[in-house]
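Survey of secondary and tertiary structure
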Amino acid sequence: MSNSIYTLAAWLAGDFSNWEQAIENPPFFAHIRVCIRPIAALADQGVWLYLEQAYDYMLQQPYRTAVLQVLPLSDQQIKIVNYKLKQPTDFFGAARDRGRLATLTLAHLEPLPGCDMQVTYGSGKFSGQVEPGKNCCVFRNGRNTYLSSEFTVTEQTYSSLDRGNDPETDERVWGSIAGAFEFKKKTSFAAEVGEIYPL
Ligand code: CYC
């Protein structure tokens, strides 16, 4: 049962903080909050989650928002399809406001081709990485990059390493130079997964 999209969605559903890491290593790690919350079924398939990443002192102005569609791929594999919002600012803060989150529909979304995450379960955690092919294109700080990304999730933790690399040389252009961000779950929204997606 652990190898299930509902378990993965329930573990991802929460308000996370890397406070301990930020205090320990302030030059390399800002205090970041990641808030992931289930949204009403936008289509007939999978579990849908809304995500906001923000500096802890600017929760209402997240620097990145996304919608994740968690889908079964095979007995052993789960796929997360990534979407961006057409008008991200319209939903700023909705991760902590269920009423506004409930108004989010498929019409607000655009696909992010090449950015699917491939996920497997083992040893008590889910591990994933962006699909191979260097096709998840991110234009950032005036440069074209492709995303290299990996993450692990347990019931209480979320760890991620997102970087943008140069398509020609593979050198790192943006993202952590000191390893993965290590988040702890401060509030769980796991129960909302069961409410919205009754089994
Ligand atoms: C970008 N991070 C991305 C993108 C993906 C992910 C797919 C490219 C598409 C986009 O721009 O939205 C990551 N997607 C994921 C992960 C999962 C997923 C991990 C599994 C749940 O479905 N990311 C972090 C750190 C932070 C960060 C806390 C510091 C480096 O996890 C930053 N990610 C970050 C940034 C971008 C990004 C700055 C580029 C956004 C942009 O400039 O457009």
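Keep in mind that this is a model prediction, so the values were computed, not measured.

All right, on to the state of the cysteines then. For the structure shown, the criterion picks out one disulfide. Covalent S-S linkage joins Cys115 and Cys136, the inter-sulfur distance amounting to 2.0 Å. What sets the handedness of the Cys115 and Cys136 disulfide is the S-S torsion sign, and at about 90° it is right-handed. Here Cys115, found in the loop between β6 (109-111) and β7 (117-122), pairs with Cys136, found in the loop between β8 (125-130) and β9 (137-140); they are 21 residues apart in sequence, far enough to count as distant. Free cysteine Cys137: the closest other cysteine sulfur is in Cys136, separated by 7.1 Å.

Along the polypeptide, Asp15 turns up in strand β1 (residues 14-17). Among the polar contacts made by the side chain of Asp15, one reaches the side chain of Arg96 at a distance of 3.0 Å. Leave out the neighbours within four places in its chain, and Asp15 touches Arg33, Val34, Cys35, Arg96, Lys184, Lys185, Lys186, Thr187 and Phe189.

By the definition in use, this model includes eleven aromatic pairs. On the numbers, 6.4 Å between centres and 55° between planes, the contact of Trp11 with Tyr121 is tilted. Pair noted here: Trp11 is in helix α1 (residues 5-12) and Tyr121 is in strand β7, with a separation of 110 residues, a long-range link. Tyr121 gets classed as partly exposed once you look at its relative accessible area, which sits at 29%. Between Phe16 and Tyr158 the ring centres are 5.6 Å apart and the planes differ by 50°, which places this aromatic pair in the tilted class. In this pair, Phe16 is assigned in strand β1 and Tyr158 in strand β11 (residues 157-165), connecting sequence segments 142 residues apart. Across the pair, exposure class does not vary: Phe16 and Tyr158 are buried alike.

Moving on to the site of the ligand. Looking at the ligand, there are 20 residues lining it, with Arg64, Asn82, Arg140, Ser160 and Asp162 nearest. Gln53 is positioned such that a nitrogen or oxygen atom in its side chain is 3.4 Å from an oxygen atom of the ligand. Residue Ser160 places a side-chain N or O atom 2.5 Å away from an oxygen atom belonging to the ligand. Burial of the ligand by the protein amounts to 90% of the accessible area it has alone, namely 850 Å². Residue assignment for the shell around the ligand shows that the elements contributing at least two residues are β4 (64-72), β5 (77-85), β9, β10 (143-153), β11 and β13 (181-188). Each residue belonging to the shell around the ligand can be placed in one class, and the counts come to 13 nonpolar, four polar and three charged.

Criteria and thresholds
Residues numbered from 1 in each chain as written. Predicted model: local features only at pLDDT ≥ 70, side-chain atom pairs only at ≥ 80, totals over all residues. Heavy atoms only, no water. Disulfide = S-S within 2.5 Å. Helix = DSSP H or I, 4+ residues; strand = E, 2+ residues; numbered from the N terminus. Polar contact = N/O pair within 3.5 Å; in protein donor to acceptor, adjacent residues only side chain to side chain. Contact = heavy atoms within 4.5 Å. Phe/Tyr/Trp six-rings, centres within 6.5 Å; stacked < 30°, edge-to-face > 60°. Buried < 20%, exposed > 50% of the residue type's maximum accessible area, 1.4 Å probe, protein only. Near = heavy atom within 4 Å. Areas by Shrake-Rupley, 256 points an atom, 1.4 Å probe, with all protein chains shown as cover. Nonpolar A, V, L, I, M, F, W, Y, C, P; charged D, E, K, R; others polar.

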